[in-house]
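Chain and residue survey
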Amino acid sequence: MITLPTAIGSTILTLSLLLQTIQPASASNYGSFTAEQKFVAESWRIVDQFYIDRTFNHQNWFQVRQDALKKKYKNMDEARAEVEKITSSLGDRYTRYLPPAKYDSIVNAATGSVFGVGVELAQDKEGMKVIASDVEPS
């Protein structure tokens, strides 16, 4: 997950970068890239498309892409670490990579979405028994 500022102020556009939903840009030739390189390339492309400060923290943003795509990643965790490194190089607190599980956790905490069977667990006064209460009807 990458979050980016969309305007000066506190408005934030949240973009989901789940590997299963990535569709490579049709103008790009990603045929020879590994899945990890495609993930890095698409992450870079989304930041490039939506990032407001076109100086990209005074770095050669296209060179950042080239350097990242030359790397051979052993697994998706390495690719995600690279995307985190790239986004943190921008020095913008609103632009960062969040792994899917972390993003889901933040969204669930903010929206109050809770999953489970609807049981509240507690101990009796002696601490000897676990009591299930407040069972939600199905």
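In case you missed it, the structure is sitting above this.
Residues numbered from 1 in each chain as written. Predicted model: local features only at pLDDT ≥ 70, side-chain atom pairs only at ≥ 80, totals over all residues. Heavy atoms only, no water.

Here we look at the packing of aromatic side chains
Note the following rule: Under the pairing criterion, centres of Phe, Tyr and Trp rings, with the six-membered ring standing for Trp, must be within 6.5 Å; the plane angle then separates stacked pairs below 30 degrees from edge-to-face pairs above 60, leaving the rest tilted. Between buried and exposed lies partly exposed: a residue is buried under 20% and exposed over 50% of the maximum accessible area for its type, with that area taken using a 1.4 Å probe on protein chains only.
By the definition in use, this model includes 5 aromatic pairs. Relative to F56, the ring of Y51 lies with its centre 5.5 Å away and its plane at 20 degrees, an arrangement referred to as stacked. Considered together, Y51 and F56 belong to a single accessibility category, that of buried residues. Centre to centre, the rings of F56 and W61 are 4.8 Å apart; their planes meet at 0 degrees, and the pair counts as stacked. Summarising the burial analysis for this pair, F56 and W61 share the class buried.

A word on the side chain of Q37
Condition: Helix and strand definitions follow DSSP, with helices as H or I runs of at least four residues and strands as E runs of at least two, each counted in order from the N terminus. By definition in these notes, contact holds between two residues if any of their heavy atoms fall within 4.5 Å.
The residue Q37 is located in helix α1 (residues 35-50) in this model. For Q37, a relative accessible area of 2% translates into the label buried. The residues contacting Q37, other than those within four sequence positions of it, are S32, L69, K71, K72 and Y73.

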